[in-house]
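# Close look at the chain arrangement
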Amino acid sequence: MLNVAVVGAGYIGLSHIAAYNQIENAQVVAVVNRSLEKRQEGAKEAGGKGYATLKDALANEKIDLVDICLPTALHEEFVIEAANAKCHVLCEKPVTFTLESYDRMIKACEDNGVYFMVAQVARFWPEFITIKDYVDRGELGDIHMIYEKRLSRHPNWSNWHRNPEISGGGLYDMNIHDIDYLYTLFGMPEELYASGWKSPSGCWNHVSTNISWSNGAKAVVETSLEMTGEFPFSIEFRGTGDKGTIHYAMRGGRNIKDEASASFYFFPEGGESQELEADQKDMFVTEISSYINAIENGIEVPVTPAESRDVLKITLAIKKSLETGEVVKL
Ligand SMILES: NC(=O)c1ccc[n+]([C@@H]2O[C@H](COP(=O)([O-])OP(=O)(O)OC[C@H]3O[C@@H](n4cnc5c(N)ncnc54)[C@H](O)[C@@H]3O)[C@@H](O)[C@H]2O)c1
């Protein structure tokens, strides 16, 4: 049984606590939040104790794993604090903003011999697991084109997302889900070109990127963290190859947790369209339990530190293309 401290009991921290409540070999013993109300809410959900700082939690509880769900600019400081306390570390995406910062985090984890993983949850989304299975089994044949989109209104539960130095804007906060997922399909791209819109506060909140891989696959990825009015949270993936097309489209409400409608089909070349059903297991439970499984069995974590470094490198290449208007080679 692993004892867990969840640090940050906001939007995603509460989702992680709900997931731990469904995982048998882990229990949340501490919930850290600077706000009394939020740490009490999280501790009540978890059945653990609330603390104002990670230092207090580490001094008062036996903790094996620290799960960092704080605003992004705080990730590095807390990952290093947790690793130096010999705790395994799960850290929300986007992990950080620069490779130098990322390397400091990884060094602290390696020096202390703890397991580190970035919580790239899109990989564990049921329909995206099925899509990867179709791609890997060659059901689509040689892939010609992918279209992937993730469109959201601006978060309404916190205001730090508007500060590019704290959140990185939609480029880091949203786009990284799709970049991570495409990386699991094809690895490091060959080159990319991005264009987008920067908000008045300096966040790249609409981004459209054309990406090419050496195997001939190409993708167009569209992300927004600033849709207007009542525009529903929307995700789409369409992959077409010479043998078929797989298409998933989901439409939520104000955000991803609200009720959704979805359509998921495979269109084989020369055959009838097939409606697909993915195994509807909670993606946070799949993500966290597979990380814990890796720790307990001494095997590689499902989102490796090297993969997360590559995904950050791709994100930085997109930023460079946005800022220079040029194609960037990787
Ligand atoms: N995986 C996903 O789909 C997903 C979804 C949303 C957010 N996130 C990521 O999770 C992280 C947190 O985002 P969020 O939307 O949950 O934020 P949030 O604002 O809802 O929650 C963060 C909490 O941290 C607390 N906090 C801030 N500074 C603190 C400090 N120094 N010590 C203790 N507590 C402190 C705040 O009071 C707040 O309650 C971000 O990196 C974000 O990008 C991931």
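Residues numbered from 1 in each chain as written. Predicted model: local features only at pLDDT ≥ 70, side-chain atom pairs only at ≥ 80, totals over all residues.

### Considering the sheet that holds strand β8 (residues 191-198)
Read across the sheet, nine strands follow the order β14-β13-β12-β11-β7-β10-β9-β8-β15 without closing on themselves; strand pairing throughout is mixed. Strand pairing shows two members of the sheet lacking a second neighbour, β14 (274-275) and β15 (328-329), which therefore form its edges. The pairing of strand β9 (residues 204-212) with strand β10 (residues 218-227) spans seven bridges and is classified as antiparallel. Note on β10: the bridge partner recorded for Thr 209 is Val 221. (Pairing = 2+ DSSP bridges. Helix = DSSP H or I, 4+ residues; strand = E, 2+ residues; numbered from the N terminus.)

### A few points about the pairing of strand β6 (residues 116-119)
Alternating residues of β6 divide into Phe 116 and Val 118 and Met 117 and Ala 119, and every residue in both groups is buried. Sheet topology places strand β5 (residues 88-92) next to β6; four bridges connect them, and they run parallel. By the bridge assignment for β6, Val 89 is matched with Phe 116. In this region the chain leaves β5, passes through helix α5 (residues 99-112) and returns to the parallel neighbour β6; the handedness of that crossover is right-handed. (Buried ≥ 20, exposed ≤ 12 C-beta atoms within 10 Å, placed from the backbone. Right-handed = clockwise from strand over helix to strand, strands pointing away.)

### Here we look at the domain arrangement of the protein
Domain boundaries in the protein define domain 1 (2-119) and domain 2 (122-281 + 312-329). Each of domain 1 and domain 2 has a C-alpha centre, and these two points are 27 Å apart. Tallying the contact residues gives eleven residues for domain 1 and twelve residues for domain 2. Considering only residue class, the side of domain 1 that touches domain 2 consists of eight nonpolar, two polar and one charged. (Domains from an automatic or database assignment. Contact = placed C-beta atoms within 7 Å. Nonpolar A, V, L, I, M, F, W, Y, C, P; charged D, E, K, R; others polar.)

### A closer look at the nonpolar core
Counting 89 residues, the largest nonpolar core has Ala 5, Val 6, Val 7, Val 66, Ile 68 and Val 89 as the members making the most contacts within it. Those residues in contact with Val 89, other than ones at most four positions away along the chain, are Val 66, Ile 68, Val 79, Ala 82, Ala 83, Cys 109, Val 114 and Phe 116. (Core = buried A, V, L, I, M, F, W, Y, C linked by C-beta atoms within 7 Å.)

### A word on the site of the ligand
Around the ligand lies a shell of 23 residues, among which Gly 8, Gly 10, Tyr 11, Glu 92 and Ser 158 are the nearest. When residues in the shell around the ligand are grouped by element, the largest group, three residues, is from helix α1 (residues 11-20). Among the residues making up the shell around the ligand, the classes are represented as eleven nonpolar, seven polar and five charged. In terms of domain composition, the shell around the ligand takes at least three residues from each of domain 1 (2-119) and domain 2 (122-281 + 312-329). (Near = placed C-beta within 6 Å.)

### Some remarks on the packing of helix α9 (residues 175-186) against helix α11 (residues 305-324)
Relative orientation of the contacting elements α9 and α11 amounts to 125 degrees, with a least axis distance of 10 Å. Taken together, α9 and α11 sit at an angle that is classed as oblique. Our pair here, α9 against α11, has a crossing hand that is right-handed. Across the interface between the two elements, Asn 175, Ile 176, Ile 179, Asp 180 and Tyr 183 of α9 pack against Glu 307, Asp 310, Val 311, Ile 314, Thr 315 and Ile 318 of α11. Across the contact of α9 with α11, the residue classes break down as six nonpolar, two polar and three charged. (Axes fitted to C-alpha atoms, helices over the stretch in contact; angles between N-to-C directions. Parallel < 35°, antiparallel > 145°, perpendicular 65-115°, else oblique. Left-handed = near helix turned anticlockwise from the far one by under 90°.)

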